[in-house]
Amino acid sequence: MTTLDNLTTHLSQHSPATPPVTRGLTLPGHRLPHLPRPLDAFNAAPAGEARALLLRCLHSPRWSHRVAAHRPYPDLDALLAAADEAAYDLAPADIAKALAHEPLPTLPADTYAAAHMALDAQHAAYEARFGHVFVIYLGDIPPAETADRILEAIRSRSANDPDEERAIAADQLRRLARGRLGTFLKGSGPHSPAAPPLGATSPNAPAPGR
């Protein structure tokens, strides 16, 4: 198992036992042993493991190398800020590579068939126009609203100029990467997401290879 994979096991094995009940004078408090956060494991992981995790958030070797190289991060906010900065600096070729590894947005399983047909048709037209898949970060949009939001967005963005849409897609990739990274390392700080973000495929979907 990798350093990151061992985190949950390490936490369970090192949780302090329940102290015995004492009578009489109150005993002085004892400091609990330091327990690693997900961010601690990320900071300490070998470079290859850290980059592999980052590539699941955004398939850009340049981005993953840059974010991994600036470890250790003092808190999750610092890591997310560095991830944003690195994403803003991606060249068109890097963005194209990342887009090539993104899956299509998927609708909730109980979405009516007409919506699936409409999305398939809209995406075929979108990809023919722009040459890449449609990507969207849905944040905390409720599942019941996912289908309408995706269809509304792809119809609206299909009318964009190619350069304008490329910039929008790049920003959506940045937001997806930030959301996925925050989900993987949630519990690292006070601003960690309370629930997994709705990304391109499912509430916790990383960017897979093809």
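Residues numbered from 1 in each chain as written. Predicted model: local features only at pLDDT ≥ 70, side-chain atom pairs only at ≥ 80, totals over all residues. Heavy atoms only, no water.

(A) How the structure looks around the overall build of the protein. Helix and strand counts for the protein stand at nine helices and zero strands. The secondary structure elements of the protein, listed N-terminal to C-terminal, are α-α-α-α-α-α-α-α-α. Counting over 210 residues, the protein shows a buried share of 39%. Accessible surface, the protein: about 11,800 Å² in total, of which carbon and sulfur atoms supply 58%. (Helix = DSSP H or I, 4+ residues; strand = E, 2+ residues; numbered from the N terminus. Buried < 20%, exposed > 50% of the residue type's maximum accessible area, 1.4 Å probe, protein only. Areas by Shrake-Rupley, 256 points an atom, 1.4 Å probe, with all protein chains shown as cover.)

(B) Structural view of the environment of Ala 91. Its place among the elements puts Ala 91 in the loop between helix H5 (76-88) and helix H6 (92-100). Between the C-alpha atom of Ala 91 and that of Ala 170, which follows or precedes it by 79 residues, the distance is 10.0 Å.

(C) Quick peek at empty space enclosed by the protein. Here the structure, examined in full by the defined rule, presents two cavities of 30 Å³ or more. A volume near 30 Å³ is recorded for the second largest cavity. Leu 58, Ala 87, Leu 90, Ile 95, Ala 170, Leu 173 and Arg 174 are the residues that line the second largest cavity. Top contributing element to the lining of the second largest cavity by residue count: helix H9 (residues 162-184), with three residues. Tallied by class, the residues present in the lining of the second largest cavity amount to six nonpolar, no polar and one charged. (1 Å grid on protein atoms, 1.4 Å probe; cavity = no way out; pocket = protein on both sides within 12 Å on 5 of 7 lines; lining within 4 Å. Points joined across faces, edges and corners; volume = space filled by probe spheres on them. Nonpolar A, V, L, I, M, F, W, Y, C, P; charged D, E, K, R; others polar.)

(D) Main features of the nonpolar core. With 30 residues, the main nonpolar core has Phe 42, Trp 63, Val 67, Leu 79, Leu 181 and Leu 185 as its most contacted residues. Listing elements by their share of this core, those giving two or more residues are helix H2 (38-44), helix H3 (47-57), helix H4 (61-69), H5, H6 and H9. Of all the elements, H5 adds the most residues to this core, at seven residues. What Trp 63 contacts, discounting residues up to four positions off in sequence, is Leu 54, Cys 57, Leu 58, Ala 83, Ala 86, Ala 87, Leu 90 and Ala 177. If you look at the next biggest cluster of nonpolar residues, it comprises 14 residues, including Phe 134, Leu 151, Ala 153 and Ile 154. (Core = buried A, V, L, I, M, F, W, Y, C linked by side-chain atoms within 4.5 Å. Contact = heavy atoms within 4.5 Å.)

(E) Representation of the environment of Ala 98. By secondary structure assignment, the location of Ala 98 is in helix H6. In sequence terms Ala 98 and Leu 58 are 40 residues apart; their C-alpha atoms lie 6.3 Å from each other. For Ala 98, the contacting residues outside a window of four places in its chain are Leu 58, His 59 and Leu 173.

(F) Broad picture of the confidence of the model for the protein. Model confidence for the protein is summarised by a mean pLDDT of 80, while 71% of its residues fall at 70 or above. Segment residues 7-30 is flagged for pLDDT under 50; beyond a separation of four residues in sequence, or across chains, it makes eleven contacts in the model. Scored below 50 in pLDDT, residues 189-204 makes 41 contacts in the model with residues more than four places away or belonging to other chains. (pLDDT = per-residue confidence, 0-100.)

(G) Layout of the packing of aromatic side chains. Summed over the entire model, instances satisfying the criterion amount to two aromatic pairs. For the pair Tyr 126 and Phe 130, a centre-to-centre distance of 4.7 Å together with 55 degrees between the ring planes defines the contact as tilted. Of this pair, Tyr 126 and Phe 130 both sit in helix H7 (residues 113-130), four residues apart, which is roughly one turn of that helix. Using a relative accessible area of 0% as the deciding quantity, one classes Tyr 126 as buried. (Phe/Tyr/Trp six-rings, centres within 6.5 Å; stacked < 30°, edge-to-face > 60°.)

(H) Quick peek at H5. Compared with an ideal rise of 1.5 Å per residue, which puts 13 residues at 18 Å, H5 spans 18 Å between its outermost C-alpha atoms and is within 8% of the ideal. Of the residues making up H5, those classed as buried are Leu 76, Leu 79, Leu 80, Ala 82, Ala 83, Asp 84, Ala 86 and Ala 87. Where H5 is buried, its residues meet H2, H4 and H9. If you check the start of H5, you find a side-chain oxygen 3.3 Å away from the backbone N of Asp 77, and it comes from Asp 75. (Expected span 1.5 Å × (residues − 1). Polar contact = N/O pair within 3.5 Å; in protein donor to acceptor, adjacent residues only side chain to side chain.)

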